[in-house]
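Chains, contacts and geometry: an overview
Below are the chains, spelled out letter by letter.
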Amino acid sequence: MEWTPEALKAEIDYRQAALRADAAQHRIGRQSAPVRRSWWRRLGHGNGPDVPERGNGHRQAA
């Protein structure tokens, strides 16, 4: 297949339109998804909710 300047421009326009549509769809998905805690928070704090411990604010000694 010969790549003429018109064919190249049409191909570039087609791919850019597809990328823009994909990016818009991704943005919509990110906005509607629930907020997920970072891997660092989940690693250090387990799976439970982020609730401060009861007590005087200090960790109990062993």
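Here we summarise the structure given alongside this text. (Residues numbered from 1 in each chain as written. Predicted model: local features only at pLDDT ≥ 70, side-chain atom pairs only at ≥ 80, totals over all residues. Heavy atoms only, no water.)

Evaluated as defined, the whole model comprises two salt bridges. Across the salt bridge formed by Arg15 and Glu11, the nearest N and O atoms sit 2.7 Å from each other. Separated by four residues within a single helix, Arg15 and Glu11 lie in helix α1 (residues 5–32), roughly one turn from each other. By relative accessible area, which is 27% here, Glu11 ends up partly exposed. (Salt bridge = Lys/Arg side-chain N within 4 Å of Asp/Glu carboxyl O. Helix = DSSP H or I, 4+ residues; strand = E, 2+ residues; numbered from the N terminus. Buried < 20%, exposed > 50% of the residue type's maximum accessible area, 1.4 Å probe, protein only.)

Taken as a whole and assessed by the stated rule, the structure comprises one aromatic pair. Between Trp39 and Trp40, the ring centres sit 5.6 Å apart and the planes meet at 85 degrees, which makes this aromatic pair edge-to-face. Each member of the pair, Trp39 together with Trp40, is exposed. (Phe/Tyr/Trp six-rings, centres within 6.5 Å; stacked < 30°, edge-to-face > 60°.)

Bringing α1 into the picture now. With 28 residues, α1 should cover 40 Å at 1.5 Å per step; its first-to-last C-alpha distance of 41 Å lies within 8% of that length. Within α1, only zero of the 28 residues are buried, which leaves it mostly out in the open. (Expected span 1.5 Å × (residues − 1).)

Without other data, these values stay purely geometric and don't point to any function.
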